[in-house]
Structure formats: C-alpha cells, structure tokens
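Each chain, letter by letter, is given below.
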Amino acid sequence: MPQSADKVLDHNKLFHEPEYKEMFKNKRATFENAPTAPQVTEILDWTKSWDYREKNLAREALVINPAKACQPLGAVFAAAGYEGTMSFVHGSQGCVAYYRSHLSRHFKEPASAVSSSMTEDAAVFGGLTNMVDGLANTYALYQPKMIAVSTTCMAEVIGDDLNSFIIQSKEKGSVPEDFDVPFAHTPAFVGSHVDGYDNMQKGILTHFWKDAERAETDSINIIPGFDGFAVANIREMNRMLAAMGVEYTILSDVSDVYDTPSDGDYQMYAGGTKLDDVKAAINAKATLSLQEYCTRRTLEFCEEKGQKTAALHYPMGVSGTDEFLMTVSELTGKAVPDCLTLERGRLVDAMADSQAYLHGKTYAIYGDPDFVYAMARFVMETGGEPTHCLATNGSKDWAKKMEELLASSPYGQGCQVWAGKDLWHLRSILATEPTDLLIGNSYGKYLERDLNIPLIRLTFPIFDRHHHHRFPTFGYQGGLTVLVKILDTIFDKLDTETGTLGETDISFDLTR
C-alpha cells in the first residue's frame, strides 16, 4: 500500500493510487451494478438538455442541494455574537455537531455550542429532564454569562415549550433564578438559517427589553445579519462609523468570536456585544438592519418598543454603501466625512480602470436573499449583466424587489429571478442558458466542474478556500475586495484560454 509511517499521503492523493483505483473498480462491478460508461454519458448529456430542464423546474416534492441551511444554525451564529454566551440547542447531539462543524469549517475557528442530547426516550416523553440536566451541566462546566436556547426538529415536532422548561429548570436549581437564559423556537423543517438568526435576535432582545423602560438617547443599534464575511465586515463597519463619529451598538458582534489569535490561551468567549450594552440598547433612537430578510421579526419588535427602524440589503459596492452611509447620516445627523467620500472615488476609479474586462460579462448569482440583491446591484454597477439570480430561501416579495432592482438598469433587463429554487435547478438553468461567471459559495464548485463556468466564492459557506472571511465585502473597501476577486477570475480564465503553446498564445499579453 502507498500509505506508510514514512510516507503519509493526504486523502486527495491517496485515493488516486493504483490500489484504490482497482478497489473502486471492483466495488462498482461487484456491488453497485453500475451502468456502463456510454449509458452514464448518455444520461449525463440528457440532464443538460432543455427537455430535462422543463422536468426539473416542474419539480415540487423534492429539494436537491438547497442554497440554504436550517434555522438553528442561524440561531447559533446570532447567539455567538454576545458576550460570554453559550448556545444551548434543545435536540440531538448530531444536529449540534452539524452547526458547529459548518461554522468552524468556514471560519477555521472553534465554534462552541452544547446540546440537550435528546434521544428516543425524550422524543416520547418530552425533553424536560434533558433541559434540566443540560442547563445545569452547561452552567457548571463552561461558566457562561448567558445561555441562549434554540431548538431542532425533534423538540419542535413533540412540542416542547422552552419558556416553561427554562422556568422549571431554574426552579430545580439548574441555573440561578436571575441568570440570563433567552430562547427562540427555531424549527429546522421550515424557513432557513436567516429565519433562525432573526428569531434568536428577537429572543435575546425580548429577554432584556420586555419589561424595561425606554429613555431615548442619540445612539443607534446596528444588526449585521447572517454573514460569512462578518469578521472583516463588522470591523470595516466599525471603522466607517468611527469616522462619522456615530454612537452605536452592534447587536451580535462575532468579529472577534470567529477570529481568535493563537497565543497559547484558548478563548471560548472572545469579544461579543456586552450584555450591559444589550440592555441599554432599548434606549437607542433607531435600529438599522444591514440585511432585511435576516431581521424582519426583530425590527417589528424594535418598532413596538418605540424605535425607528430601517433595513438595507447588504451594503456592498457603490450604491449599497452610499445607501448605508446616507441612512446612518439621516438617523444620527452626522455628516459623511471626506475620507469616506475619497474611498468612494477610489472604488469608482478602480471600476473604470477595469471596465473593458467587466463590461458585458454575464453572471449567475445564488445565496441568501440580501446577498443576491447586493451582488446583482454591484455587478450592474460594473457594466456586468446578472442573468440568473437564485435564492432558495427567497420569497415572492424578494423576487418582486429583485425585479424592480433589475428593471432600474439596462444591464438587468434580461435577468431571470428564481425564488425557492435549489442548486440542482440552477444546474439545468446554466446547462441550457450558460453565463460567463458564477457567484456563490463552495457548493457551486460542482457546477463549475460540470459546466465549465468559473466560480467566485463570495458568501457562506466557503469550505475549500481559506481566510476569505478576513477581508471585507461591506463598504467601499469591501467593494474593492469583491472587484479584485471578480477580475482575478476573469483573468485566470483568459490565461487558461490563451495558454496553449503555438495555438492560443498568440496574444498572451502581460499588460491588461
């Protein structure tokens, strides 16, 4: 065998060795009753046809590779942004392992969360005992300042009442009576991670604000939304707001949580919005969401408490950042400083410098509703043409807003909006109506391989590349990051297409 103590091969290379190739060949012949290679090719070609596309788009009872995750993942992400907070997911251990794995694989950081470890007994008799024991163990072992409780499918199907369970757990001494245990019901079989983020944000604010008296101040609250680039984006937002001299509180600040240093001291609770600041945030004059579809219920609650509210769609690019800064200026009365105006001009200059390569490029964009909206808007600013915009967790309302956005620019006239469709739908769409570029997350690599459309990774999750989340996509500076990623992909493709010696390298130029 090729693997030995002296020569350890990574799995990517190990399974290319002759012994494994022979093993896979025998497995297919002996156990899988696999079709012949011509049969595979015939079916594969058919799945890229218009005939198959019509059948695929008519699909109703099955979802294949959705571009979304489930509610509890969003709840765990939101809770992680608060000081000393441990997420407690009422459900099975396997579910929680998925949330932790998803976050840690993307951010390359530990993602702490615990489970009530529900099994078959709890599914029949209810999970109260699991809650009582689980909260006690979490409080004793991990010494958090707050425990944020969410649910999985199992707890929701049997109808466990979190409010009642938490009250009874406190009565039984699991945690002190005055210990903060906010909660949110996050059934994984409806909605998506953006709804879970919303429900947990509302649950935490409700816990701290429910019986509080409000005395308005000049400060504003900002909710970033579920964002795989939150580490850099929140820091970039802090920088811009500091330049404006704005008083603000970020509700769920994960920028340090998912970017801890390697200094020999493991930090289970790094950074996060201070709990005292969350309590005081009820006094803010307004709450601004940077992603509308992540915060609808939360903003409704803020309005009920007497605050002004406003919602954006992921402030990226020129107009997206303009909208963010002008909204903050209107809410606070603070002027946009010259230093940010200068950054705007530099982004516009960079776009103009590269317009010859950006103009007319076609794009397929998929991801969360706010991200797709922002990405399509930015693409059109560069002279690109969003051709397909897909959000599995996009609603009819989102589709209507997308159509209005696309109608506002000549570059959006031919775009098709696909709300509620998955990545297998997108495969059929791109096989029959291909684009120059594809923008989304790591799962798009299978479309890239199958259809030869270059993928630009710009949204969560990104598993097969490292450290993208450390560079902002928000703001004018973030716009430069996105612009460079797009241009690098365009140039890489051009290099590939002009790189064959003596055939396509006639104009293999260095000056572009």
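A quick note: this is a predicted structure, and the numbers were derived from the prediction, not measured.

1. A closer look at the nonpolar core
Counting 105 residues, the largest nonpolar core has Tyr258, Phe324, Ile365 and Met375 as the members making the most contacts within it. Considering every element that reaches this core, the biggest residue donor is helix 18 (residues 369–381), with 9 residues. With 14 residues, the next largest nonpolar core counts Ala67, Trp418, Leu426 and Leu455 among its residues.

2. Points about helix 12 (residues 230–244)
The first and last C-alpha atoms of helix 12 sit 20 Å apart over 15 residues, in line with the 21 Å expected at 1.5 Å per residue. For helix 12, the full list of buried residues reads Ala230, Val231, Ala232, Asn233, Ile234, Glu236, Met237, Met240, Leu241 and Met244. Following helix 12 by one or two positions, Gly245 has its phi on the positive side, about 75°.

3. Some points on the pairing of strand 6 (residues 286–289)
Regular strands show a simple pattern: their side chains alternate between the two faces of the sheet. Alternating positions in strand 6 separate into two faces, Ala286 and Leu288 on one and Thr287 and Ser289 on the other, with burial throughout. Examined bridge by bridge, strand 4 (residues 220–223) and strand 6 share 4 bridges and lie parallel to one another. Paired with Ile222 across the bridge in strand 6 is Leu288. Note: strand 6 against strand 7 (residues 308–311), 4 bridges, orientation parallel. Across the sheet, residue Thr287 finds its bridge partner in strand 7, namely Thr309. In this fold, strand 6 hands off to helix 14 (residues 296–304), which returns the chain to strand 7; that crossover is right-handed.

4. Brief notes about the UniProt feature "domain: Nitrogenase/oxidoreductase component" (unreviewed entry) in the chain
What UniProt calls "domain: Nitrogenase/oxidoreductase component" (unreviewed entry) maps, in this numbering, to residues 70–490. Helix and strand shares over residues 70–490 are 48% and 13% respectively, and the end C-alpha atoms of the span are 33 Å apart.

5. As for the pattern of salt bridges
In total, this model carries 24 salt bridges according to the counting rule given. Residues Arg53 and Glu433 are paired through a salt bridge, measuring 2.8 Å at the closest nitrogen-oxygen approach. Of this pair, Arg53 sits in helix 4 (residues 50–57) while Glu433 sits in the loop between helix 20 (423–432) and strand 11 (437–440), and the two are 380 residues apart along the sequence. Its salt-bridge partner being Arg512, residue Asp495 comes within 2.6 Å of it at the nearest N-O pair. Of this pair, Asp495 sits in helix 22 (residues 475–497) while Arg512 sits in the segment after helix 22, and the two are 17 residues apart along the sequence. The class for Asp495 is partly exposed, based on a relative accessible area of 29%. Overall, Arg512 belongs to the partly exposed group, its relative accessible area being 30%. Through salt bridges with shared partners, a single network forms among Arg235, Asp256, Asp259 and Arg470.

About the thresholds
Residues numbered from 1 in each chain as written. Predicted model: local features only at pLDDT ≥ 70, side-chain atom pairs only at ≥ 80, totals over all residues. Heavy atoms only, no water. Core = buried A, V, L, I, M, F, W, Y, C linked by side-chain atoms within 4.5 Å. Buried < 20%, exposed > 50% of the residue type's maximum accessible area, 1.4 Å probe, protein only. Helix = DSSP H or I, 4+ residues; strand = E, 2+ residues; numbered from the N terminus. Expected span 1.5 Å × (residues − 1). Pairing = 2+ DSSP bridges. Right-handed = clockwise from strand over helix to strand, strands pointing away. UniProt positions renumbered as here; feature names shortened; annotations may be inferred. Salt bridge = Lys/Arg side-chain N within 4 Å of Asp/Glu carboxyl O.

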